[in-house]
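Fold and geometry: a report
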2 protein chains.
Amino acid sequence: MTGHLTQTWDSGLVPRASVRDQLIASAVDVFHARGFNGSSVQDIVEAAGVPKGSFYNHFASKEALGIEVVKAYSRLVGAYVAEAGASDIFSGDGTPLERIRRYFEAVIEQNVSCGVRKGCLLGNFATELAPHSTEIANAVTEALDNWSAAVSRALVQAQEAGELAKGADVVALGRYLVDGYEGAATRAKLIGDRAPMDEFIRTTFDFLLSQRG
Amino acid sequence: MTGHLTQTWDSGLVPRASVRDQLIASAVDVFHARGFNGSSVQDIVEAAGVPKGSFYNHFASKEALGIEVVKAYSRLVGAYVAEAGASDIFSGDGTPLERIRRYFEAVIEQNVSCGVRKGCLLGNFATELAPHSTEIANAVTEALDNWSAAVSRALVQAQEAGELAKGADVVALGRYLVDGYEGAATRAKLIGDRAPMDEFIRTTFDFLLSQRG
């Protein structure tokens, strides 16, 4: 993507990505494919097609870039879900539980489109970096918390629609579904097959959450 | 543990661990704490207190040791669960779902006893090594499959006892619970707190699987 942008004739109509944005976009791809410790600043500047010297004009460290990558990856997944027409977990066609299902299905399609072997970058960073980098761990925690909170708010709508018991702990259930997706994405990465993620959808929505009103 | 064994006076009553077993036991600890790529053969022989030269008498490569570590870690978790009196997921006090709950609670205690920041070694290896080492990925897949299959067999007992609907897909549900535990263990590792794993237990057994007969 970034490489393509830099090679495109600047017509004045398409804004050119800033060097900082190029570095972040390339680092999302490189970290997703090779992990944080498996990627060097050199790998990232090469992928971005920018001079190595420019890196430290924009980021104090590889770790500082890692924090921006966590935020960018979360936005990227959100943007993909929006394009897939499943953005609005809170309004649109169907019941609240149907919308939550479509939302997770779109997240899975985004995962598959990146290559199931890469897994979810948030889960990868969580296991790789939690003991080593507090700042990146905090960024991943914040991303997972925001994500879980959105699912929880949609679960409140399911309660209001009578699809989910009034007494259900929607905060815990929102986190549970995000954690369950992450576990399924890890096994999908391990076996190189999306099946665990599709099974996550079926077991959650066809069995565990069906008729829980 | 291993260091202690090698320093103990050999009374002839306590069998001394073989060098191979010492290397595996130390590698479980070292890989669990620092990851596979973050640990060198040198780190492992030092932790085991054996000469570096002896390593390649026992293992063709660090990867070959990694495969044995996956097997040993699975046995270790199983042994801990047995000591906790929750070993028999298939028989003992309580209903089948109560036994499955106690089993996962014991797995969580084992995780906590190792240090929640280390996560589950199987999940760590899955995200770290899936794209790089097919042989270790296969060993982790086999360990997770065996684990899921045991949970599924216990879920059949829950069906027979009328605690779980006859039509439930117990194979999918066994995998779902293992994946869900792994996702919760990952978030526990990330935030350095066991709460996500305890929440996994409560949401699964107090809400999702309660009254599903």
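Residues numbered from 1 in each chain as written. Chains lettered and ligands numbered in written order. Predicted model: local features only at pLDDT ≥ 70, side-chain atom pairs only at ≥ 80, totals over all residues. Heavy atoms only, no water.

1. Examining the overall build of chain A
Note the cut-off: Strands here are runs of E lasting at least two residues and helices are runs of H or I lasting at least four, both read from the DSSP assignment and numbered beginning at the N terminus. Just to be clear, the radius of gyration here is over C-alpha atoms, and the globule rule we use is 2.2 Å times residues to the power 0.38. Each residue's exposure class comes from its accessible area (1.4 Å probe, protein chains only) as a fraction of the maximum for that residue type: buried when under 20%, exposed when over 50%, partly exposed otherwise. Any two residues whose heavy atoms approach within 4.5 Å at even a single point are treated as in contact. What sets the accessible areas is the Shrake-Rupley method with a 1.4 Å probe; for residues, cover comes only from the shown protein chains. When charges are tallied, Lys and Arg are placed among the positive residues and Asp and Glu among the negative ones, while His and the ends of the chain are skipped. The atom standing in for a charge is NZ when the residue is Lys, CZ when it is Arg, CG when it is Asp and CD when it is Glu.
A tally of helices and strands in chain A yields 10 helices and zero strands. Here the C-alpha atoms of chain A give a radius of gyration of 19 Å, agreeing with the 17 Å that 2.2 N^0.38 yields for 213 residues. With the principal axes as the frame, chain A shows a C-alpha extent of 60 × 45 × 30 Å. Residue burial in chain A is summarised as follows: out of 213 residues, 51% are buried. Within chain A, residue pairs in contact and separated by at least 24 positions form 66% of the contacts whose partners lie at least 6 positions apart. Here chain A displays about 9400 Å² of accessible surface, and carbon together with sulfur accounts for 52% of that area. Looking at chain A, you have 20 positive and 26 negative side-chain charges, and the mean spots of the two groups are 2 Å apart.

2. Re the relation of the copies chain B and chain A
As a reminder of what qualifies: Alignment of the copies relies on least squares applied to C-alpha atoms, considering only residues that score at least 70 for pLDDT in both.
Overlaying chain B on chain A yields an RMSD of 0.0 Å, the required transformation being a rotation through 180° with an accompanying axial translation of 0.0 Å. Such values leave the two copies arranged in the relation of a two-fold axis.

3. A word on the packing of helix α6 (residues 96-114) of chain B against helix α10 (residues 195-208) of chain B
Geometry of a packed helix pair, given as the angle between the helix axes and the separation of the axes. Residue and element names in this part refer to chain B. What counts here: In this analysis an axis means a line fitted to C-alpha atoms, helices contributing only their contacting stretch, and an angle means the value between N-to-C directions, from 0 to 180 degrees. Any angle from 65 to 115 degrees is called roughly perpendicular, while one under 35 is roughly parallel, one over 145 is roughly antiparallel, and all others are oblique. For this classification, the nonpolar set comprises Ala, Val, Leu, Ile, Met, Phe, Trp, Tyr, Cys and Pro, the charged set comprises Asp, Glu, Lys and Arg, and every other residue, Gly included, is treated as polar.
Contact pair α6 / α10: the axes reach a minimum separation of 10 Å and the direction vectors enclose 175°. One element, α6, and the other, α10, form an angle in the roughly antiparallel class. Judged by residue contacts, Leu97, Ile100, Arg101, Phe104, Glu105, Ile108, Asn111 and Val112 of α6 engage Met197, Asp198, Phe200, Ile201, Phe205 and Asp206 from α10. Class assignment for the residues of the contact of α6 with α10 results in nine nonpolar, one polar and four charged.

4. Quick look at the packing of aromatic side chains
Defined as follows: The pairing test for Phe, Tyr and Trp rings, Trp by its six-membered ring, is centres within 6.5 Å, and the orientation test on the planes gives stacked under 30 degrees, edge-to-face over 60, and tilted for anything in between. Two conditions define a charge located above a ring, namely a distance within 6 Å from the ring centre to NZ of Lys or CZ of Arg, and an angle within 35 degrees of the ring normal.
Inspection of every chain in the model, using the stated rule, returns 24 aromatic pairs over all chains. Among the aromatic side chains, those forming a connected cluster through ring pairs are Tyr103, Phe104, Trp147, Tyr181 and Phe200 of chain A together with Tyr176 of chain B. The lysine or arginine in question, Lys62 of chain A, covers the ring of Phe36 of chain A, its NZ or CZ lying 4.4 Å from the ring centre.

5. Some words on the interface of chain B and chain A
Spelled out, the test is: Buried area counts how much accessible surface, traced with a 1.4 Å probe, disappears from two parts once they are put together, with both parts' losses summed. Salt bridges are defined by distance alone: a side-chain nitrogen of Lys or Arg within 4 Å of a carboxyl oxygen of Asp or Glu. Polar contacts, as used here, are pairs of N or O atoms within 3.5 Å; protein pairs need one atom able to donate a hydrogen and one able to accept it. Residues neighboring in sequence count only if both atoms are side-chain atoms.
Of the residues lining the interface, 39 residues belong to chain B; the matching set on chain A comes to 39 residues. Counting the surface lost from both chain B and chain A, the interface buries some 3500 Å², and carbon and sulfur atoms represent 64% of this. Where chain B packs against chain A, one counts four salt bridges. Here Arg187 of chain A and Asp179 of chain B are joined by a salt bridge, their closest N and O atoms 2.9 Å apart. Seen at the junction of chain B and chain A, the total is nine residue pairs in polar contact (both at pLDDT 80 or more). Secondary-structure elements contributing two or more residues to the side of chain B that touches chain A are α7 (121-129), α8 (134-160), α9 (170-191) and α10 of chain B. The biggest single contributor to the side of chain B that touches chain A is α9 of chain B, with 14 residues. Class assignment for the residues of the side of chain B that touches chain A results in 21 nonpolar, 11 polar and seven charged.

6. Description of the nonpolar core
For clarity, the threshold we go by: Here the nonpolar core consists of buried residues drawn from Ala, Val, Leu, Ile, Met, Phe, Trp, Tyr and Cys, with membership extended through side-chain atoms lying within 4.5 Å.
Counting 136 residues, the largest nonpolar core has Phe104 of chain A together with Phe104 of chain B as its most contacted members. The residues touching Phe104 of chain A, leaving out its near neighbours within four places in the chain, are Trp147, Val151, Leu177, Val178, Tyr181, Phe200, Ile201 and Phe205 of chain A.

7. Considering the state of the cysteines
Residues and elements named next belong to chain A. For the record, the criterion: To count as a disulfide, a pair of cysteine sulfur atoms needs to be within 2.5 Å.
Under the counting rule described, the total for this entry stands at zero disulfides over all chains. Among the cysteines around Cys120, which has no disulfide bond, Cys114 carries the closest sulfur, lying 9.6 Å off. A relative accessible area of 5% places Cys120 in the buried class.

8. Remarks on the environment of Asp93 of chain A
Residues and elements named next belong to chain A. With respect to the element layout, Asp93 can be found in the loop between α5 (62-83) and α6 (96-114). Here the alpha-carbon distance between Asp93 and Phe55, two residues 38 residues apart in the chain, equals 45 Å. Residue contacts for Asp93: discarding those within four places in its chain leaves Arg99 and Arg102.

9. Let's talk about the side chain of Asn124 of chain A
Looking at where Asn124 of chain A falls in the secondary structure, it is placed in helix α7 (residues 121-129). Judged by its relative accessible area of 9%, Asn124 of chain A falls in the buried class. One polar contact links the side chain of Asn124 of chain A to the main-chain carbonyl oxygen of Lys118 of chain A, over a distance of 2.7 Å. Excluding anything up to four places from it in sequence, Asn124 of chain A contacts His32, Lys118, Gly119 and Lys189 of chain A together with Thr127 of chain B.

10. Here we look at the environment of Ser40 of chain B
For Ser40 of chain B, the location among the structural elements is in the loop between α2 (19-34) and α3 (41-48). When the C-alpha positions of Ser40 of chain B and Ala25 of chain B are compared, they lie 15 Å apart, and in sequence the two are 15 residues distant.

11. Regarding the packing of helix α10 (residues 195-208) of chain A against α9 of chain B
Remark: α10 of chain A packs on α9 of chain B, axes separated minimally by 10 Å, with the N-to-C direction vectors making an angle of 105°. By the criterion of interaxial angle, the relationship of α10 of chain A to α9 of chain B is roughly perpendicular. Contact with α10 of chain A, carried on its side by Pro196, Glu199, Phe200, Thr203, Thr204, Phe207 and Leu208 of chain A, involves Ala172, Leu173, Arg175, Tyr176 and Asp179 of chain B of α9 of chain B and no other residues of that element. Of the residues belonging to the contact of α10 of chain A with α9 of chain B, the class tally is seven nonpolar, two polar and three charged.

12. Details of the side chain of Lys189 of chain A
Inspection of the secondary structure assignment puts Lys189 of chain A in helix α9 (residues 170-191). One buried charged side chain, Lys189 of chain A, makes no salt bridge at all; its nearest oppositely charged neighbour is Glu128 of chain A, positioned 7.8 Å away. At 3.1 Å, the side chain of Lys189 of chain A forms a polar contact with the side chain of Asn124 of chain A. Ignoring anything within four residues of it in the chain, the contact list for Lys189 of chain A reads Val116, Arg117, Lys118, Gly119 and Asn124 of chain A together with Ala126, Thr127, Ala130 and Pro131 of chain B.

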